[in-house]
Amino acid sequence: MRFGFNFWLGAGLTTLVIVTGILAPWIAPFDPVLNADLMNSELPPDTTFWFGTDAQGRDVLSRTLYGAQISLTVGIVSQLVNSVIGVTLGMTAGYWAGWWDDLVSGLTNVMLAIPSLIFALAVLAVLGPGLPSLLIALGLTNWSWTCRIARSSTLSVKSQAYVQAAQTLGYGDIRIMFTQILPNILGPILVMATLGMGSAVLSEAALSFIGLGIQPPSPSWGSMLTDARQLIQLAPWIAIFPGLAIFLTVLGFNLLGDGLRDSLDPHMRTRKP
Amino acid sequence: MKQPLLDIRNLRVGVLLGRTQRPIVNDVSFKIMPGEAYGLVGESGSGKSVTSLAVMGLMQKPLSVLDGQILFQGQNLLELKTREMRRVRGKRIAMIFQEPMTALNPLSTIGRQIAEMYVLHQGKSWNEARRLAIDALASVHVPNPDQRTKNYPHQMSGGLRQRVMIAMALACNPDLLIADEPTTALDVTVQAEVLRLIKELCTERGTAVLFISHDLGVIASVCQRVGVMYAGSLVEENETGAIFTSPRHAYTRGLLGALPRLGSRSAHGRQRLVDIDSIIADRSTLTETRYITPRSSQ
Amino acid sequence: MFRFTIRRILQIIPTVIVVALIIFVIFSVVPGTFATSLLSDGKRAADPQLIARLNEELGLNKPLLERFATYVTNLAHFDLGTSFRSRQPVIDLINDRMWASLRLAIGAMFFALSVGLPLGFFAALKPGSVIDSATMIGAVSGLSVPEFWLGLLLMYFFALQLNWLPSFGYGDGSFQNLILPAVTLGVAPLALLARTTRAGVLDVLNSDFVRTAHAKGMSHFKVMRWHVARNALVLIITTVGLQFGSLIGQAVIIEKLFAWPGIGSLLVDSVAIRDIPVVQGTILVIVLWFLVINTAVDLIYAAIDPRIKQE
């Protein structure tokens, strides 16, 4: 399997962001929360504070670096939850069919009728803002597409000879699903999961931006931008860096997902000479 | 001596792989007389379809014509400007392809697709063209032609669709019909009907046919002369009967030997299908024409 | 076609019912009364007497089934309840702001279509060219950029620095106020449309029937008009339909950013103060719109592609 430019660039960016998040405690020059000195507030970028400071005098660079931890955690964890739910429901629906399939398909259709951000807002309205609520909210919203793909892939794999062989050998359903079907539907699922992580990061940022996600003083990129909005005229630099960070992270995920999709999808059509 | 309708001289077509040109068609020459049915036979990859695309001017990058002339009624098609070539296509040379399902626009009625030919080349109005389309369908023996013109391609069987293709192709009475594996995707019985139709219509209208196939049997039933292509070159050319009874080239003999034949074991003894002891040479290694050498055991 | 239309329209009803049920379940069955969370705001416990009174007033004490029955009957009368905070009927609140949201959504979609379609189209006509690469890079960037950040930057440059456009608000409803929010909202659909159009057109251009069309002697232009356009359209329409969902979601954020008085900002504000009836009502209305738009898209799709109706 050859991986194209997209894949490598995306993998590079994503790795960079992940590493930044992991190493933040060591490479950030200042503490993201505690180093609040009002004497330093709203300073433009200079040699001490490479990205400038915000209204509380905190170093924007450090906050941005630490922000990677939060945004990535939310993005990756919530998408994993989504994928697990989607694959489980989709695979079982496709494999067992019958009333279970009808139920799952009906539910999927309904979930697809609710825009994911709206649903997340509903959950947050009930649970209140904060990291755990955010994880639950985002983890429950995006599974429908994965479920659909998993289901249709399962349907096509189900009729293959090796699955039927396993059935005649007396393998249990669960075993078949995990050993025969799952490995063969993994491709598109993986692509969706990668793209979904990017989307989750965007959602977290958006929700934090309107104040319903990660609460201050935690350095989430989204909530940093809320502050930036108040100060946009006085200190525009505060708005640039967190947003740029989000952009690069999501770009990384998107390119990675695209690259994966290109390698897995035999889209090349050669015409007979 | 009548002038040949189609005269291909020393045609060379190559494909651009990376930065090098690899030959696909290597110095191929043959003529087709007006009204004659000529068959081009060979395995996939032998270059026969590419030759036909070259005649029609439908080749796209990375394929390109490297050398040679394609004279149609005396005019070198390769020298024509795009707009002039367009006027030749459909009107004087028509082509039908292998997969009738995908060869027709799924979103357009077949009546409209046939009518396009008349609007395009004969300047007819759409109303007139639709009426002519019904006649065209009748000429290819499609039952209920006026009903059928309102059908979409997915509502017809493969055989019917191929008839539609033929109707479209012959709509403007071209001088030459190029048929590229028209029956390969069809069932055997339908195959026979379509072949019969092609033969009938072309003889009736005096249309010459360049019939391309890998199936010698199919070619034999339609064509008067046959050209055998192998690895981009024309290795043998003869009248149909002669090809079968006295093949000259080793490859042709191989092809014939590979044909399963109806016979009785008691009368002829056990017969084996003979493999052709060669594979189409990998394009990247082909630098010059290669011929198979006759095997020691004939 | 007619029967298909009726069938599709009727399919909306069960979906709406189930969505209403889910919404009700989310907001009513979850443990912890709203009165408590409304009054205590997470920091200190509220006075139990106040809580009891609030519960009584808001009817949160009645049994679940009774509440659900009331909910459904109210819905049937287009009564979406009363706001906890302002005591106004939810439906009035929504009505006041519906038009603003529609304008924004239409403006954004219009922007996305008018730029994204041509870009994708030309990129497909010249694959591998500069315009192609630029469009594709632009597209993936457009999909990766947080829209509200983009909005913020645009606001900074065009409104605050250059003073060409108002920086927020609906103003007097003039077009000027619509530009920044609509462009911001439209970037993501634009990016996706450019990509999908390119893929769709490329796909069609490489298909067999286009080759047949060329073989028939059609000029490039005629092939485009007579054969490519409609076939590529099919793919594009599907994308537009899908895009509306995320558009509506993102609109919520953009409305808040630009202080645009639509139902999106209403939703955000209500979630912040836990004004449940408004949240419930708004979500229901949004979902309904989404379903209506999807159905419309499906119908257009079926009108163009004759193969769909067969199913």
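Higher on the page you've got the structure.
Reference entry: report on the structure contained in this document. Computed from a prediction, not measured in an experiment: that's the story for all the values here.

Rules used in this analysis
- Residues numbered from 1 in each chain as written.
- Chains lettered and ligands numbered in written order.
- Predicted model: local features only at pLDDT ≥ 70, side-chain atom pairs only at ≥ 80, totals over all residues.
- Helix = DSSP H or I, 4+ residues; strand = E, 2+ residues; numbered from the N terminus.
- Buried ≥ 20, exposed ≤ 12 C-beta atoms within 10 Å, placed from the backbone.
- Contact = placed C-beta atoms within 7 Å.
- Core = buried A, V, L, I, M, F, W, Y, C linked by C-beta atoms within 7 Å.
- Axes fitted to C-alpha atoms, helices over the stretch in contact; angles between N-to-C directions.
- Parallel < 35°, antiparallel > 145°, perpendicular 65-115°, else oblique.
- Left-handed = near helix turned anticlockwise from the far one by under 90°.
- Nonpolar A, V, L, I, M, F, W, Y, C, P; charged D, E, K, R; others polar.
- Pairing = 2+ DSSP bridges.

1. Here's the deal with the overall build of chain B
Turning to step 1, where the next piece is worked out: A tally of regular secondary structure across chain B gives twelve helices and ten strands.
Turning to step 2, where the next piece is worked out: Relative to its 298 residues, chain B shows a buried fraction of 43%.
Turning to step 3, where the next piece is worked out: A fraction of 65% describes how many contacts in chain B between residues 6 or more apart in sequence connect residues 24 or more apart.

2. Some details on the nonpolar core
Turning to step 1, where the next piece is worked out: Among the nonpolar cores identified, the biggest contains 229 residues, and Ile118 and Leu121 of chain A together with Ile114, Ala167, Val209 and Phe211 of chain B are the most heavily contacted of them.
Turning to step 2, where the next piece is worked out: In terms of residue count, helix 8 (residues 173–209) of chain A provides more of this core than any other element does, 16 residues in total.
Turning to step 3, where the next piece is worked out: When neighbours within four sequence positions are excluded, Phe211 of chain B is seen to be in contact with Ala37, Tyr38, Gly39, Ala179, Ile219, Val222 and Cys223 of chain B.

3. Description of the packing of helix 9 (residues 221–230) of chain A against helix 10 (residues 237–264) of chain A
Residues and elements named next belong to chain A.
Turning to step 1, where the next piece is worked out: Close contact between helix 9 and helix 10 brings their axes to 9 Å; oriented N to C, the two are set at 155°. On the basis of their axis angle, the class for helix 9 and helix 10 is roughly antiparallel. With respect to the hand of their crossing, helix 9 and helix 10 are arranged in left-handed fashion. Contacts between helix 9 and helix 10 involve Trp221, Met224, Leu225, Asp227 and Ala228 from the former and Ile238, Ala239, Pro242, Gly243, Ala245 and Ile246 from the latter.

4. With respect to the interface of chain A and chain C
Turning to step 1, where the next piece is worked out: Contact residues are listed per partner, giving 38 residues for chain A and 42 residues for chain C.
Turning to step 2, where the next piece is worked out: Those elements that place two or more of their residues in the side of chain A that touches chain C are helix 3 (98–112), helix 4 (116–127), helix 8, helix 9 and helix 10 of chain A.
Turning to step 3, where the next piece is worked out: When its residues are assigned to classes, the side of chain A that touches chain C shows 27 nonpolar, eight polar and three charged.

5. Thoughts on the sheet that holds strand 1 (residues 6–17) of chain B
Residues and elements named next belong to chain B.
Turning to step 1, where the next piece is worked out: Ordered in space as 2-1-4-5, the four strands form an open sheet in which the pairing is antiparallel. Each end of this open sheet is capped by a strand with a single partner; those strands are strand 2 (20–32) and strand 5 (75–76).
Turning to step 2, where the next piece is worked out: In the sheet, strand 4 (residues 63–72) pairs with strand 5 via two bridges, with the strands oriented antiparallel. The residue of strand 5 that forms the bridge with Phe72 is Gln75.

6. Some thoughts on the environment of Thr154 of chain A
Residue and element names in this part refer to chain A.
Turning to step 1, where the next piece is worked out: Examined against the element boundaries, Thr154 turns out to sit in helix 6 (residues 143–158).
Turning to step 2, where the next piece is worked out: A residue is classified by how many C-beta atoms lie within 10 Å of it, and Thr154, with 24 of them, is buried.
Turning to step 3, where the next piece is worked out: Spatially, the C-alpha atom of Thr154 lies 34 Å from that of Leu248, the residues being 94 residues apart in sequence.

7. Remarks on the sheet that holds strand 3 (residues 37–41) of chain B
Residue and element names in this part refer to chain B.
Turning to step 1, where the next piece is worked out: Read from one edge to the other, the open sheet built from six strands follows the order 6-7-8-3-9-10, with strand pairing classed as mixed. Each edge of the open sheet carries a strand with a single partner, namely strand 6 (93–96) and strand 10 (233–239). Direction aside, the axes of adjacent strands within the sheet are offset by 15° on average.
Turning to step 2, where the next piece is worked out: As judged from the five bridges shared by strand 7 (residues 176–180) and strand 8 (residues 208–213), these two strands associate in the parallel manner. Each bridged residue has a counterpart across the sheet, and for Leu177 the counterpart in strand 8 is Val209.
Turning to step 3, where the next piece is worked out: Sheet strands touched by helix 1 (residues 48–56): strand 3, strand 6, strand 7, strand 8 and strand 9 (225–230). Its angle to strand 7, the strand with the most contacts, is close to 145°.

8. Some remarks on the pairing of strand 9 of chain B
Residues and elements named next belong to chain B.
Turning to step 1, where the next piece is worked out: Counting buried positions along strand 9 yields five of six residues, so the element is predominantly enclosed.
Turning to step 2, where the next piece is worked out: Here strand 3 runs beside strand 9; their pairing, made up of four bridges, is parallel. Considered in strand 9, the bridge of Leu40 is made with Gly227.
Turning to step 3, where the next piece is worked out: Pairing analysis gives six bridges linking strand 9 to strand 10, with the strands arranged antiparallel. Bridge assignment links Val226 to a residue of strand 10, and that residue is Asn238.
Turning to step 4, where the next piece is worked out: A loop of two residues connects strand 9 with strand 10, the two strands running antiparallel in sequence, and Ala231 in this loop sits at a positive phi of about 50°.

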